[in-house]
Amino acid sequence: MSLEIVKNFKNIYNLKYFQFFVFLYAMGSTLNFIISYNHNTSIIKTLISLAVIFLTYIPHGYIMNVLNNIIHKKELIDEQASFKDIFNKSFLIAAKGFIAIFLNSLIWGLGLSAVIIGTAFALKIMPAESNMDIVMKNPVMLTEALVIIAFVILLFTLIPIAFSENFSIKDSFRWINIIKIFFKNWKKTIVVLLLFAFLVLALFILMSITMFICNYLVLLIFNELLKKSSIQSGTGFIFYLIEVTVPFLFSMANFAVTATISCVLANIYREGLTVPQEVRENISEE
């Protein structure tokens, strides 16, 4: 079972302007962290936060264009296109994809809440004040929530691939169709998804360890070697700098991993589409 992870990584890393979109994603993620660091809530802050979130989605528009080319067996990116053309296309794809993901999130969020709350009432464990913390302590409810959430995460990993086939919002809602196509090669799909989960978790753990070590070293240096009050007052800035720089670097790594895995999944999706025309028409009608 050949997944060609390294080959896909090399292919996408060498794409035109890929490094820019990696930087853009990391910058957007960092800005979102800075905004969320301030716990004050306001309409302006919410709007800025949404704008920053969309900023991080533009690089995903770039990747979706690549996925579309993989599915349709074209060149990964038009090497003759200018930066402006590629950016504009990525922006438009991102805008459409953002709507698709938002609508799917809304539907699945409402559905997930309805299932959990409905089960809670059926089991008569919903307290009068509707405290979900109490509900989730029930092992039946917790198991159900974990299963549903795991399925939603699985689906949201696959939805961008299906959306990228025709850049169709409608395609992103054909959930049964998406699962059918991917699980024609279910072994590869499961292995890739597990690998993706492992890599994301590994990056998160590594980032946490790196931040802990950096913070510890800063404390050690400032407490043992630089005890002047004027310098000690700058430790807060150093800690803040670490909390911004380290996530920035790991956001770049996370985007590269996500892009690579998405390309692998796009190849699996394309293989699933390689069936007789009449079979594809029957699947698309469901």
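Throughout this document, residue positions are counted from 1 along each chain, in the order its sequence is written. Given that the model is predicted, a residue must reach a pLDDT of at least 70 before its local features are reported, and side-chain atom pairs must reach 80 or more before they are shown or counted; all residues, however, enter totals for whole chains, interfaces and linings. To obtain the side-chain values, all non-hydrogen atoms of the structure were included, while hydrogens and water were left out.

## Structural notes on the overall build of the chain
Next, step 1: Along the chain, the regular secondary structure elements total 11 helices and 0 strands.
Next, step 2: Reading the helices (α) and strands (β) of the chain from amino to carboxyl end gives α-α-α-α-α-α-α-α-α-α-α.
Next, step 3: When a residue's accessible area, from a 1.4 Å probe over protein chains only, is under 20% of the maximum for its type it is buried; when over 50% it is exposed; and in between it is partly exposed. The 286 residues of the chain split such that 38% are buried.
Next, step 4: In what follows, a contact means two residues having at least one pair of non-hydrogen atoms within 4.5 Å. Within the chain, contacts between residues at least 6 apart in sequence are counted, and of these 78% link residues at least 24 apart.
Next, step 5: Surface accessibility in these figures is a Shrake-Rupley result with a 1.4 Å probe; residues are shielded only by whichever protein chains are displayed. Counting only carbon and sulfur atoms, one obtains 69% of the accessible surface of the chain, whose full area is about 16,500 Å². A run of H or I in DSSP becomes a helix once it reaches four residues, and a run of E becomes a strand once it reaches two; helices and strands are each numbered from the N terminus.

## Structural notes on a negative patch on the surface
Next, step 1: On the surface, a cluster of negative charge is made up of Glu 75, Asp 78, Glu 79 and Asp 85.
Next, step 2: Within the secondary structure, Asp 85 is located in helix H4 (residues 83-122).
Next, step 3: Accessibility expressed as a relative area gives 46% for Asp 85, which makes it partly exposed. Exposure above 30% relative accessible area and the absence of a salt bridge qualify a residue for a patch, where like charges join within 9 Å and nonpolar side chains (Val, Leu, Ile, Met, Phe, Trp, Tyr) within 5 Å. Any carboxyl oxygen of Asp or Glu that lies within 4 Å of a side-chain nitrogen of Lys or Arg is treated as forming a salt bridge with it. His is not counted, nor are the chain ends; Lys and Arg add positive charge and Asp and Glu add negative charge. For charged residues, the charge sits on one atom: NZ in Lys, CZ in Arg, CG in Asp, CD in Glu.

## A closer look at a nonpolar patch on the surface
Next, step 1: A grouping of Leu 201, Phe 204, Ile 205, Ile 209, Phe 212, Ile 213, Tyr 216, Leu 217 and Leu 220 is seen on the molecular surface, where their side chains present a nonpolar patch of about 900 Å² in accessible area.
Next, step 2: Along the chain, Leu 201 falls in helix H8 (residues 186-224).
Next, step 3: Overall, Leu 201 belongs to the partly exposed group, its relative accessible area being 48%.

## Considerations on the side chain of Thr 258
Next, step 1: If you trace the backbone, Thr 258 turns up in helix H10 (residues 235-273).
Next, step 2: Judged by its relative accessible area of 18%, Thr 258 is buried.
Next, step 3: Setting aside chain neighbours within four positions, we find Thr 258 in contact with His 60 and Phe 196.

## Side note on the packing of aromatic side chains
Next, step 1: Two rings from Phe, Tyr or Trp (for Trp, the six-membered ring) form a pair when their centres sit within 6.5 Å of each other. Planes less than 30 degrees apart are called stacked, planes more than 60 degrees apart edge-to-face, and all others tilted. For the structure shown, the criterion picks out 21 aromatic pairs.
Next, step 2: Here Phe 9 and Tyr 13 contribute two aromatic rings whose centre-to-centre distance is 5.8 Å and whose plane-to-plane angle is 25°, an arrangement assigned as stacked. One end of the pair is Phe 9 and the other is Tyr 13, both in helix H1 (residues 5-13) and 4 residues apart, which spans about a single turn.
Next, step 3: Owing to a relative accessible area of 37%, Phe 9 belongs among the partly exposed residues under this scheme.
Next, step 4: With a centroid separation of 6.4 Å and an interplanar angle of 20°, the aromatic rings of Phe 21 and Phe 87 are classed as stacked. Of this pair, Phe 21 sits in helix H2 (residues 18-37) while Phe 87 sits in helix H4, placing them 66 residues apart in sequence.
Next, step 5: Residue classification places Phe 21 among the buried residues on the basis of a relative accessible area of 0%.

## Observations concerning the nonpolar core
Most often, soluble globular proteins have nonpolar side chains that are buried together.
Next, step 1: Remark: nonpolar core denotes a set of buried residues (Ala, Val, Leu, Ile, Met, Phe, Trp, Tyr, Cys) joined through side-chain atoms within 4.5 Å. Among the nonpolar cores identified, the biggest contains 65 residues, and Phe 18, Tyr 62, Ile 63, Ile 161, Phe 182, Leu 265 and Tyr 269 are the most heavily contacted of them.
Next, step 2: If you list the elements that add at least two residues to this core, you get H2, helix H3 (43-71), H4, helix H6 (139-166), helix H7 (175-182), H8 and H10.
Next, step 3: When residues of this core are assigned to their parent elements, the largest contribution, 14 residues, is made by H10.
Next, step 4: In this structure Tyr 269 touches Ile 71, Ile 161, Ala 162, Glu 165, Ile 181 and Phe 182, once residues within four positions along its chain are discounted.

## Regarding the packing of H4 against H6
Next, step 1: Axis lines are fitted to C-alpha atoms, over the contacting stretch for helices. Their N-to-C directions set the angle, which ranges from 0 to 180 degrees. With their axes 11 Å apart at the nearest point, H4 and H6 run at an angle of 165° to one another. One element, H4, and the other, H6, form an angle in the roughly antiparallel class. Crossing of H4 against H6: the hand is right-handed.
Next, step 2: Of the residues contributing to the contact of H4 with H6, the split by class is 19 nonpolar, 4 polar and 2 charged. The labels follow the angle: roughly parallel below 35 degrees, roughly antiparallel above 145, roughly perpendicular from 65 to 115, and oblique for the rest. Crossing handedness follows the turn of the near helix against the far one: under a right angle anticlockwise gives a left-handed crossing, and clockwise gives a right-handed one. Ten residues, namely Ala, Val, Leu, Ile, Met, Phe, Trp, Tyr, Cys and Pro, are considered nonpolar, four, namely Asp, Glu, Lys and Arg, are considered charged, and the remaining ones, Gly among them, are considered polar.

## Quick word on the pattern of salt bridges
Next, step 1: Summed over the entire model, instances satisfying the criterion amount to 2 salt bridges.
Next, step 2: Close ionic contact of Arg 174 with Asp 171 constitutes a salt bridge, the shortest N to O distance being 3.1 Å.
Next, step 3: For Lys 188, the salt bridge is made with Glu 271, and the minimal N-O distance between the two is 3.6 Å. Placement of Lys 188 in helix H8 and of Glu 271 in helix H10 is noted, with a sequence separation of 83 residues between them.

## A short note on the environment of Met 141
Next, step 1: One can find Met 141 in helix H6.
Next, step 2: Taking the C-alpha atoms as reference points, Met 141 and Val 115, 26 residues apart in sequence, are found 9.9 Å from one another.

## Quick word on the confidence of the model for the chain
Next, step 1: Across the chain, each position has a pLDDT score giving the predictor's confidence in that residue, from 0 to 100. Summary statistics for the chain give a mean pLDDT of 82 and a share of 84% for residues scoring 70 or more.
Next, step 2: Ranking the elements of the chain by mean pLDDT puts helix H11 (residues 277-284) last with 44 and H1 first with 90.
Next, step 3: Throughout residues 276-286 the model reports pLDDT below 50, and contacts reaching past four residues in sequence, or to other chains, amount to 8 contacts.

## Considerations on H7
Next, step 1: Regarding H7, the residues found buried are Asn 177, Ile 178, Ile 181 and Phe 182. The arc enclosing the buried residues of H7, seen along the axis, measures out at 125°, which places them on a common side. Note that the arc is computed from the directions linking the helix axis to the C-beta atoms.

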